[in-house]
Amino acid sequence: MSQHTVIITGGSRGIGRAIVDRFLADGASVVTCGRGARPEDLPDAVVWETADVSSPQDAARLLSAAKHAFGPVTHLVNNAGVQVEKTVAGSSDDDWDLVMNVNCRGVFNMCRAVLPDMCGHGGNIINIGSISGMAADPSMALYNASKAWVHGLTRSIAVDHGPKVRCNAIRPGWIMTAMADEAFALADDPDKAMADALARHPVGRFGQPEDIANMAAWLASDQSAYVSGECFTVDGGMTAASPLNPGLF
Amino acid sequence: MKLEGKTALVTGGRGGIGRAIAARFLREGAAVYAADLTPGGSLAAHDDDGSRFVQMNVADETAVQAAMARVQEERGKLDILVNAAGIEIEKTIEDTTLEEWNRSFAVNCTGTFLTSKHALPLLRAAAASGSPASIINFGSYDGFIADPGLAAYCATKGAVHALTRAMACDHGPEGIRVNAVCPGYIDTPMLQSFFTGEGSGGGGKTIDQLQQAVRDVHPMRTYGTPEDIANLVNWLASDEARYASGQLWVLDGGLSAQVQQMKL
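Residues numbered from 1 in each chain as written. Chains lettered and ligands numbered in written order. Predicted model: local features only at pLDDT ≥ 70, side-chain atom pairs only at ≥ 80, totals over all residues.

With an unreviewed UniProt entry as reference, chain B is termed SDR family oxidoreductase, source organism Leisingera daeponensis. What UniProt records for chain B under Sequence similarities (unreviewed entry) is the sentence "Belongs to the short-chain dehydrogenases/reductases (SDR) family." (UniProt positions renumbered as here; feature names shortened; annotations may be inferred.)

Chain A appears in an unreviewed UniProt entry as SDR family oxidoreductase from Leisingera daeponensis.

The structure is reproduced here in structure tokens:
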């Protein structure tokens, strides 16, 4: 990817950070952002902008920083996301604003910022959706809906802005991030919960952020030149299996 | 009565789901042929529900042709064909014999093919005399996502889903609607057999405890009854569904609307 300039939102940790590291290793010029300060362990070659993607001004500033540092932005990875663990009945207006502003408006802001240039020189947008945008995780109502929105927007961008721009989404399953670690720590019986969860994964393990970075790298490459408007699930086979596995009872 | 004046043939018509469909069609005023291997079907007791019994193996083309000849002679048309006959082999592909694999496809796929193929002239006759005719196939939520140890069953149901869309494309212009109902866990002899089978694991639980555990995974906290399926089939068979074709209708109490539920 040595000719490419990439913006990856939410690259301080987790999946976003794994994509930053992978694209950097593949030779890309990488710009990433987050709402906090630059992470101390971020490689020097990566340009960091403290930015909130839910702000159109911040999105424009991020694009300017990338162009100023490296030239035309060829790839955008919309990874920044938040989750609020509530049902519709339990969600406040602030919850709505938080989830929709980051997960939906943030993707919109970033795409709208980069598309005018990409429609000229070409480009590639990769959105991070979720298996929860296909089937529901309980008590994650706004998150689930926001990810389904991401899947829909992915198709629209592919349709509206091809052939210059390709746009695809990745739907990760259970990826072991700090967020997932916390969930297991809170279980009544963490060991049993872990064993049960593992048994629901045909590949016999949870995902790692690098598994998603591998897919992102492929979607960013010419190997996927004919792929656009698709949402690919990377979940170790979990959603291919029935949620009702009597062997686990 | 939604189906007054209509003629229906239900394969597996004396089994768990097929019997409930036949009974519902009768209540809605249809003339009903219940095709099955035996008058009692998969249930022990012989229950003459008022349907006309047709002894038929859906995988036997001669028997299927004879059944359609009888409907032709007695009714002259067929408005509704329900392909509910089905079997499941509870094994992985490693343990499934070729004979079991072939038998699964013979009943679940070839049966759907044969009955539909030989019913077409009768269905066209019904369509020509009034409202569209309706074929209702039986897919399964297992045609979308897999239950463990049901490989051949999952494959046959996926095939039925594709066949449903193909038939809807080919025969829609002739006034024949084709849909598939895709049940989740329904309280039938087949399900009870699954609970007591080797594949169910069980983990030392009693059948009652196992059933409760299965109910608890469903958003509706219960599994379905054959009558729940008959409610949808009745609608798909009726003229209210005149614009419904080529679709896969999942009816599973919300089971497949959720992702895997970790025990956190």
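(A) Main features of the overall build of chain A. For chain A, the helix and strand inventory stands at seven helices and seven strands. Computed over the C-alpha atoms, the radius of gyration of chain A is 18 Å, within 12% of the 18 Å expected from 2.2 N^0.38 for a compact globule of 249 residues. A burial count over chain A gives 44% of its 249 residues as buried. (Helix = DSSP H or I, 4+ residues; strand = E, 2+ residues; numbered from the N terminus. Rg over C-alpha atoms; globule rule 2.2 N^0.38 Å. Buried ≥ 20, exposed ≤ 12 C-beta atoms within 10 Å, placed from the backbone.)

(B) Geometry of the overall build of chain B. Of regular secondary structure, chain B possesses seven helices and seven strands. Listing each helix as α and each strand as β along chain B from the N terminus yields β-α-β-β-α-β-α-β-α-β-α-α-α-β. In terms of C-alpha radius of gyration, chain B reaches 18 Å, essentially the compact-globule figure of 18 Å for 264 residues. For chain B, with 264 residues in total, the buried portion stands at 50%.

(C) Expanded view of the nonpolar core. The biggest cluster of nonpolar side chains holds 66 residues, and the ones touching the most others in it are Val 10, Ile 21 and Leu 78 of chain B. Looking at this core, the element that brings in the most residues is helix α3 (residues 98-128) of chain B, giving eight residues. Leaving out residues up to four positions away in the same chain, Ile 21 of chain B has contacts with Val 10, Val 82, Ala 84, Ala 230 and Val 233 of chain B. Core analysis: the next-biggest nonpolar cluster, separate from the first, contains 58 residues, Val 31, Ala 113, Ala 213 and Leu 219 of chain A among them. (Core = buried A, V, L, I, M, F, W, Y, C linked by C-beta atoms within 7 Å. Contact = placed C-beta atoms within 7 Å.)

(D) Inspection of the sheet that holds strand β6 (residues 165-172) of chain A at higher detail. Residue and element names in this part refer to chain A. With parallel pairing, the seven strands of this open sheet are ordered in space as β3-β2-β1-β4-β5-β6-β7. The two strands at the open ends of the sheet, each matched to only one other strand, are β3 (47-50) and β7 (231-234). Adjacent strand axes in the sheet meet at a mean angle of 20°, parallel and antiparallel pairs treated alike. Here six bridges tie strand β5 (residues 123-128) to β6, and the two strands are oriented parallel to one another. Opposite Gly 123, over in β6, you have Val 165 as the bridge partner. (Pairing = 2+ DSSP bridges. Axes fitted to C-alpha atoms, helices over the stretch in contact; angles between N-to-C directions.)

(E) Up close: helix α7 (residues 226-237) of chain B. Taking 1.5 Å per residue, twelve residues should reach 16 Å; α7 of chain B reaches 16 Å between its end C-alpha atoms and fits that length. Among all positions in α7 of chain B, only Pro 226, Asp 228, Ile 229, Ala 230, Val 233, Asn 234, Leu 236 and Ala 237 of chain B are buried. (Expected span 1.5 Å × (residues − 1).)

(F) Up close: the confidence of the model for chain B. Looking at chain B as a whole, the pLDDT averages 91, with 94% of positions reaching at least 70. Here the predicted complex scores 0.85 on pTM and 0.76 on ipTM. (pLDDT = per-residue confidence, 0-100.)

(G) Local environment of the sheet that holds strand β1 (residues 7-11) of chain B. All names here are of chain B. Pairing is parallel in the open sheet, where seven strands are placed in the order β3-β2-β1-β4-β5-β6-β7. Of all the strands in the sheet, just β3 (52-55) and β7 (248-251) have a single pairing partner and so form its edges. Each strand of the sheet is rotated relative to its neighbour by a mean of 20°, with strand direction disregarded. Here α3 sits on the sheet and contacts β1, β4 (80-83), β5 (133-138) and β6 (176-183); the angle it forms with β4, its principal contact strand, is near 170°.

(H) Examining unusual backbone geometry more closely. Residues and elements named next belong to chain A. Cis geometry is found at the peptide bond from Gly 162 to Pro 163, where omega equals 0°. For Pro 163, the position within the fold is in the loop between α4 (141-161) and β6. Positive phi, normally seen in glycine, also occurs at Ser 139, with a value near 55°. Mapped onto the secondary structure, Ser 139 falls in the loop between β5 and α4.

(I) Structural view of the packing of helix α1 (residues 16-27) of chain B against α7 of chain B. Residue and element names in this part refer to chain B. Orientation of α1 relative to α7, taken along the N-to-C sense of each, is 50°, at an axis distance of 8 Å. Viewed along their axes, α1 and α7 adopt a mutual orientation that is oblique. Here the hand of the crossing between α1 and α7 comes out right-handed. Here Gly 16, Ile 17, Arg 19, Ala 20, Ile 21 and Arg 24 of α1 lie close against α7, whose contacting residues are Pro 226, Glu 227, Ile 229, Ala 230, Val 233 and Asn 234. In the contact of α1 with α7, the residues fall into seven nonpolar, two polar and three charged. (Parallel < 35°, antiparallel > 145°, perpendicular 65-115°, else oblique. Left-handed = near helix turned anticlockwise from the far one by under 90°. Nonpolar A, V, L, I, M, F, W, Y, C, P; charged D, E, K, R; others polar.)

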